[in-house]
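Read off the chains here:
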Amino acid sequence: MAKPLDVDELWTHRIIQSINGLEYGTVQIVVHDGRIVQIERTERKRFESDQVVSAKETPRKQEKSNDFKKTKVYRTTGDFL
C-alpha cells in the first residue's frame, strides 16, 4: 500500500521555485518511499538562426531552428526534517 505523501513548507517552496519563470518545459518530482527526494526542471528555449529569419522574409526553404535544453536537478540525502 502506498504511503501518504507529506509535503512540508520547504518542499512546497522548492516546487514553486522550480515552476516560477518556466515558459516551456517540465518539472518532475521524484518520490521514494513516500518522500520527495528530487526535483528535476527541464527548460526549453528556442532561438531562431539568421537563416530562418531571412527565410521568413523571402520564399526559401526554411531550416529547423536550434533548440537549447537546460536541466536543473535538486537532490537530497539523509534526513528530511
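A. Structural context of the environment of V27. Relative to the helices and strands, V27 is located in strand 1 (residues 25–32). The residues touching V27, leaving out its near neighbours within four places in the chain, are S18, I19, L22, I39, E40 and R41.

B. Highlighting the side chain of D8. With respect to the secondary-structure elements, D8 resides in the segment before helix 1 (9–19). At 7.0 Å, R14 is the nearest oppositely charged side chain to D8, a buried residue that forms no salt bridge. For D8, the side chain forms a polar contact with the main-chain nitrogen of W11, separated by 3.0 Å.

C. Fine view of the pairing of strand 2 (residues 35–47). Summarising the sheet, strand 1 and strand 2 pair through eight bridges and their orientation is antiparallel. Its bridge partner being in strand 2, H32 is matched across the sheet by R35. Counted between consecutive antiparallel strands, the loop separating strand 1 from strand 2 contains two residues, among which D33 sits at a positive phi close to 55°.

D. Region of the structure containing unusual backbone geometry. A positive phi angle, near 55°, is found at D33, a position not held by glycine. Mapped onto the secondary structure, D33 falls in the loop between strand 1 and strand 2. Overall, the relative accessible area of 60% leaves D33 in the exposed class.

E. Region of interest: the packing of aromatic side chains. Under the definition given, this model contains zero aromatic pairs. When the ring centre of W11 is taken as reference, the NZ or CZ atom of R14 above it lies at 4.6 Å.

F. Structural detail: helix 1. Three or more residues of helix 1 are buried, namely W11, I15 and S18. Each buried residue of helix 1 lies within a common arc of 60° when the element is viewed along its axis, so the set occupies one face. Phi for G21, located one or two positions after helix 1, is positive at around 80°.

G. Representation of the pattern of salt bridges in the model. Scanning the model with the defined rule gives two salt bridges in all. Between E43 and R41 there is a salt bridge, with the nearest N and O atoms lying 3.2 Å from each other. For the residue pair E43 and R41, the accessibility class agrees, reading buried in each case. Given a relative accessible area of 10%, E43 falls into the buried group.

What counts as what
Residues numbered from 1 in each chain as written. Predicted model: local features only at pLDDT ≥ 70, side-chain atom pairs only at ≥ 80, totals over all residues. Heavy atoms only, no water. Helix = DSSP H or I, 4+ residues; strand = E, 2+ residues; numbered from the N terminus. Contact = heavy atoms within 4.5 Å. Buried < 20%, exposed > 50% of the residue type's maximum accessible area, 1.4 Å probe, protein only. Lys, Arg positive; Asp, Glu negative; His and termini not counted. Salt bridge = Lys/Arg side-chain N within 4 Å of Asp/Glu carboxyl O. Polar contact = N/O pair within 3.5 Å; in protein donor to acceptor, adjacent residues only side chain to side chain. Pairing = 2+ DSSP bridges. Phe/Tyr/Trp six-rings, centres within 6.5 Å; stacked < 30°, edge-to-face > 60°. Lys NZ or Arg CZ within 6 Å of the ring centre and 35° of its normal. Arc of directions from axis to C-beta.

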